[in-house]
Protein chains: 2
Amino acid sequence: MSQRMNTEARREQMARAALDLLAERGSEGFNIADLAESVGLVPSAVYRHFEGREDVLDAALDVFRDRVYRLVDAARNEAENPLMALELLLTRHAKLIESGGAVPYIMASMNAPGGHAARRSKTERIFRGYVSRVEAVVRDGQVSGQVRSDVDPATAALLFAGLIQPAIQLRHAEGERFDISAHVARVWDLFRRAVGHD
Amino acid sequence: MSQRMNTEARREQMARAALDLLAERGSEGFNIADLAESVGLVPSAVYRHFEGREDVLDAALDVFRDRVYRLVDAARNEAENPLMALELLLTRHAKLIESGGAVPYIMASMNAPGGHAARRSKTERIFRGYVSRVEAVVRDGQVSGQVRSDVDPATAALLFAGLIQPAIQLRHAEGERFDISAHVARVWDLFRRAVGHD
DNA sequence: TCCTCATGTGAATCTATATTCACATCATAA
DNA sequence: TTATGATGTGAATATAGATTCACATGAGGA
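Now for a quick tour of the structure. (Residues numbered from 1 in each chain as written. Chains lettered and ligands numbered in written order. Predicted model: local features only at pLDDT ≥ 70, side-chain atom pairs only at ≥ 80, totals over all residues. Heavy atoms only, no water.)

### Focus: the protein's contact with DNA strand C
Then comes step 1: Surveying the vicinity of DNA strand C reveals 25 residues, the closest of which are R4(B), R10(B), S44(B), R48(B) and H49(B).
Then comes step 2: Among atoms of DNA strand C positioned within 4 Å of the protein, sugar and phosphate together represent 56%.
Then comes step 3: Between R4(A) and DNA strand C, the recorded distance is 3.1 Å, taken from a side-chain N or O atom to a base oxygen.
Then comes step 4: R53(A) is positioned with one of its backbone polar atoms (N or O) 2.9 Å from a phosphate oxygen of DNA strand C.
Then comes step 5: Here the residues of the surface near DNA strand C are counted per class, giving 10 nonpolar, 9 polar and 6 charged. (Near = heavy atom within 4 Å. Polar contact = N/O pair within 3.5 Å; in protein donor to acceptor, adjacent residues only side chain to side chain. Nonpolar A, V, L, I, M, F, W, Y, C, P; charged D, E, K, R; others polar.)

Here it is as C-alpha cells:
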C-alpha cells in the first residue's frame with residue numbers, strides 16, 4: 001500500500017500534480033489514471049479526496065490562481081516603481097515558461113470553449129482578476145507619472161497580457177528554439193514606448 | 001435519405017461545418033455525431049468522406065488557414081499603406097470575433113497542448129505563417145518609413161498578434177458586454193505609438 | 001431499361017475513461 | 001489492546017464517442 005496521507009494534504013498534492021499534467025497535456029489530455037499514477041496511487045483513490053474529475057480541475061485552478069496572483073503581487077511589492085514592477089512581472093512570466101511551469105499553459109489555453117461551464121466561468125474570473133491587478137499597477141504608474149495619463153489602464157493591462165500570450169504559443173510549439181526571454185526583452189521596449197512618455 | 005452529394009463537395013461542406021463547431025465548443029467538445037447532424041447526415045456517413053476524426057479536424061484547419069491568410073493578404077492589398085493595412089486587419093479580426101466567426105476561436109486556442117501531435121504541428125505552422133505575413137507588412141512599413149527602423153519586425157508581428165488574443169478571451173467569456181471593436185481601437189493607438197515615429 | 005458504383009443508414013462493436021463498490025489496511029484514540 | 005474511521009486497492013460497471021459493417025438507395029452510363 002502507498003504512503004497514507006490525510007485528505008487535506010492529499011488534495012493539495014493532487015491539485016498541484018493535476019496542474020502539472022494540465023501544463024503538459026491540456027484539459028483534453030488530462031485523465032484520472034495519470035493523475036493517480038503521478039502521486040503513486042491507484043485511480044479509484046482519487047475519489048477518496050475529490051468528488052470527480054471536475055472537482056480535481058477546480059482545485060487545480062485554485063492552485064493556478066494563487067500562483068499567478070502571487071506573482072503579480074510579488075512583482076509589485078519588490079519593484080521600485082510601477083514600470084519596473086511590470087517589467088519584473090514580464091521577465092518572471094518568461095522564466096516560468098522557460099522552466100516549463102504550469103502557469104503559462106493554463107494562461108494560454110484558458111479560453112478553450114467547450115468543457116464544463118463552471119470551469120469556464122472560473123477561468124474567466126481568474127483571467128479578469130489577473131488583468132485587473134495589472135491594471136492597478138498601470139494606474140500606479142500614472143500616479144507616479146511614468147505612464148501617460150491619456151492611456152486607458154484597462155487597455156494597457158490587456159496589451160500587457162498580450163505581450164506574453166503569443167510568446168507562450170511559440171514557446172510551446174518550438175521549444176528551446178524560441179528564446180522567450182530575448183523576445184520578452186524586445187517586446188518590453190515596445191510596450192514601454194506605447195504607454196510611457198516618448 | 002438525405003440529399004446526396006459527391007465526396008469533394010461533401011468534404012468541403014463538412015470541413016466548414018466542423019470549423020463552426022470548433023468555434024463553439026473547441027476540439028474537446030467536438031464530436032462526429034454533432035458534425036453529422038449539422039449537415040443533416042448520420043454519424044457513420046462522415047466516414048464515407050473522411051478517414052476519421054483527426055482527418056476532419058485536419059480539413060477544418062485547412063479551411064481555417066485559408067481564411068486567415070486571405071484576411072491578411074486582403075488587408076495588405078486594399079490598404080493604402082502598411083500601417084493602414086495592419087489597422088484594417090485588426091478591425092477585421094474584431095468584426096469576425098463579434099460575428100462569432102470561427103477564426104478567432106481557433107486562433108486563440110491553437111496552442112492547446114495534448115491532442116494529436118500532427119494536428120498540433122499543423123496549428124503551429126498556421127500560426128507561424130500568420131505571424132510571418134504580418135511581419136512582412138511590418139517590413140513594408142519600415143521601407144515606407146512609417147515604422148521605426150530599430151523595431152524588430154518579428155517582435156512587432158508577435159506584439160500585433162497579442163493585440164487581439166486577450167481580447168478574444170474576454171469576448172468569449174463576457175460576450176456582448178465586452179466591446180471588442182472599441183478595445184481594438186484603443187489598443188491600436190498604443191501599437192502605433194510603440195512601432196511608429198515620435 | 002438495367003447495372004453498378006458512390007453515398008447514405010442503422011445497428012453493432014470497440015475503446016478509453018470516469019466512477020462505484022466491496023474489501024484491505026493503517027493510524028489512533030479510548 | 002482493540003475498535004473505528006479514514007485511506008488505499010482491484011475488480012466491476014457505466015457511458016460517451018469513434019469506428020465498422022452489412023445493407024439500402026439513387027444517379028448515371030451501357
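### Re the environment of D66(B)
Residues and elements named next belong to chain B.
Then comes step 1: Residue placement: D66 occurs in helix α4 (residues 53–78).
Then comes step 2: Under the relative-accessibility criterion, D66 is labelled partly exposed at 35%.
Then comes step 3: Expressed as a C-alpha distance, the spacing of D66 and A194, which sit 128 residues apart in the sequence, is 30 Å.
Then comes step 4: Polar side-chain contacts of D66 include one of 3.3 Å to the side chain of R65. (Helix = DSSP H or I, 4+ residues; strand = E, 2+ residues; numbered from the N terminus. Buried < 20%, exposed > 50% of the residue type's maximum accessible area, 1.4 Å probe, protein only.)

### Some words on the protein's contact with DNA strand D
Then comes step 1: The local shell around DNA strand D holds 25 residues, among which R4(A), R10(A), S44(A), R48(A) and H49(A) are the closest.
Then comes step 2: Counting only atoms of DNA strand D within 4 Å of the protein, the sugar-phosphate share comes to 52%.
Then comes step 3: At 2.8 Å from a phosphate oxygen of DNA strand D is found a side-chain nitrogen or oxygen belonging to S2(A).
Then comes step 4: The separation between a base oxygen of DNA strand D and a polar side-chain atom of R48(A) is 2.4 Å.
Then comes step 5: When contributions to the surface near DNA strand D are tallied by element, the ones reaching two or more residues are α1 (7–29) and α3 (43–46) of chain A together with α2 (32–38) and α3 (46–49) of chain B.
Then comes step 6: Of the residues in the surface near DNA strand D, the class split is 10 nonpolar, 9 polar and 6 charged.

### A closer look at the relation of the copies chain A and chain B
Then comes step 1: Its rotation angle being 180 degrees, the transformation that places chain A on chain B also includes 0.0 Å of axial translation and leaves an RMSD of 0.1 Å. Between the two chains, the operation in question is that of a two-fold axis.
Then comes step 2: Comparing interface residues between copies, 98% of those in chain A also sit at the interface in chain B, which points to an isologous, same-surface contact. (Least-squares fit on C-alpha atoms with pLDDT ≥ 70 in both. Contact = heavy atoms within 4.5 Å.)

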